[in-house]
Amino acid sequence: MSTTTTATADDTTATAPGVGSMLLAGAAATVAASVATAAVAAGGQAIGISTAISGAPIPTSGFAVLTVIFSVLGLVIATALRRFARHPRTAWVRTTVALTVLSFVPDVLADAAVSTKMLLILTHVVAAAIVIPAVARRLA
């Protein structure tokens, strides 16, 4: 003997936000993160921290552009996790925190002053602190 449950119009169920909601929140976070990383880079330069790697300075706009590129890549990952992961929010946070930590490796290995390396790492942390929670809130 089995029982069947039928939902009625009076039932209230919590549903996960749609992919459009996640992408919109992610896009807004991407814009905020790109502005923030450019501001951090400009602030670092204002107090005398070089952004030069192997003698070639990274323009402030470069921080914003790379933040957008990698944030969009992150949104692609979030979309895939939303579709295929059993627990997309948990998978998103674990994946992006691990990728953020891995993003420090090129900075640490760069031919640059220690202060430059720390500034680069700080920009990664700032971007992650903005984008990861914004997208996580939209994942079930």
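Residues numbered from 1 in each chain as written. Predicted model: local features only at pLDDT ≥ 70, side-chain atom pairs only at ≥ 80, totals over all residues. Heavy atoms only, no water.

A. Just the overall build of the chain, in detail. Check the secondary structure of the chain and you find four helices and two strands. Helices and strands in the chain line up, N terminus first, as α-β-β-α-α-α. In the chain, buried positions account for 34% of the 140 residues. Partitioning the contacts of the chain with sequence separation of at least 6, the portion at a separation of at least 24 is 76%. When the accessible area of the chain is evaluated, it comes to approximately 8500 Å², of which 69% is carbon and sulfur surface. (Helix = DSSP H or I, 4+ residues; strand = E, 2+ residues; numbered from the N terminus. Buried < 20%, exposed > 50% of the residue type's maximum accessible area, 1.4 Å probe, protein only. Contact = heavy atoms within 4.5 Å. Areas by Shrake-Rupley, 256 points an atom, 1.4 Å probe, with all protein chains shown as cover.)

B. Quick look at a nonpolar patch on the surface. Residues Val65, Leu66, Val68, Ile69, Phe70, Val72, Leu73 and Val76 make up a contiguous nonpolar surface patch of about 710 Å² in total accessible area. When you line up the elements, Val68 lands in helix α2 (residues 60-84). (Patch = residues over 30% accessible without salt bridge, like charges linked within 9 Å, V, L, I, M, F, W, Y side chains within 5 Å. Salt bridge = Lys/Arg side-chain N within 4 Å of Asp/Glu carboxyl O.)

C. Representation of unusual backbone geometry within the structure. Here the phi dihedral of Ser54 falls at roughly 55°; this positive angle occurs in a residue that is not glycine. Looking at the secondary structure, you find Ser54 in the loop between β1 (52-53) and β2 (56-57).

D. Molecular detail of the nonpolar core. Among the nonpolar cores identified, the biggest contains 16 residues, and Met22, Ala78, Trp92, Val131, Val135 and Leu139 are the most heavily contacted of them. Here the element with the most residues in this core is helix α4 (residues 114-136); it accounts for seven residues. Every residue in contact with Met22, bar those within four places of it in the chain, is listed here: Leu75, Ala78, Thr79, Arg82, Val135, Arg138 and Leu139. (Core = buried A, V, L, I, M, F, W, Y, C linked by side-chain atoms within 4.5 Å.)

E. Representation of the environment of Lys117 in the model. With respect to the secondary-structure elements, Lys117 resides in helix α4. Separated by 68 residues in the primary sequence, Lys117 and Ile49 have C-alpha atoms spaced 9.7 Å apart. Sequence-distant contacts of Lys117, that is, excluding residues within four places in its chain, are made with Asp107, Val108, Ala110 and Ala112.

F. A look at the layout of surface pockets. Here the largest pocket defines a volume of roughly 770 Å³. The wall of the largest pocket is formed by 26 residues, among which Leu66, Thr67, Phe70, Ser103 and His124 lie closest to the centre. The element best represented in the lining of the largest pocket is α2, accounting for eight residues. For the lining of the largest pocket, the class distribution of residues is 16 nonpolar, nine polar and one charged. (1 Å grid on protein atoms, 1.4 Å probe; cavity = no way out; pocket = protein on both sides within 12 Å on 5 of 7 lines; lining within 4 Å. Points joined across faces, edges and corners; volume = space filled by probe spheres on them. Nonpolar A, V, L, I, M, F, W, Y, C, P; charged D, E, K, R; others polar.)

G. The confidence of the model for the chain, seen in detail. Averaged over the chain, the pLDDT score is 91; the fraction of residues at 70 or greater is 89%. In this model residues 1-14 is a low-confidence stretch, pLDDT under 50, and it forms one contact with partners more than four residues away in sequence or in other chains. (pLDDT = per-residue confidence, 0-100.)

H. Fine view of α2. Taking 1.5 Å of rise per residue, 25 residues should cover 36 Å, and α2 covers 37 Å from first to last C-alpha, within 8% of that figure. Here α2 has its buried residues at Gly62, Phe63, Ala64, Thr67, Ser71, Gly74, Leu75, Ala78 and Leu81. In this structure, the buried residues of α2 make contact with α1 (19-46), α3 (88-109) and α4. (Expected span 1.5 Å × (residues − 1).)

I. Examining the packing of α1 against α4 more closely. Between α1 and α4, whose axes approach to 8 Å, the crossing angle comes to 160°. Judged by the inter-axis angle, α1 sits roughly antiparallel to α4. In the packing of α1 onto α4, the handedness of the crossing is right-handed. Taking contact as the criterion, the partners of Met22, Ala25, Gly26, Ala29, Thr30, Ala32, Ala33, Ala36, Thr37, Val40, Ala41 and Gly44 in α1 are, on α4, Leu119, Leu122, Thr123, Val126, Ala127, Ile130, Val131, Ala134 and Val135. For the contact of α1 with α4, a count of residues per class yields 16 nonpolar, five polar and no charged. (Axes fitted to C-alpha atoms, helices over the stretch in contact; angles between N-to-C directions. Parallel < 35°, antiparallel > 145°, perpendicular 65-115°, else oblique. Left-handed = near helix turned anticlockwise from the far one by under 90°.)

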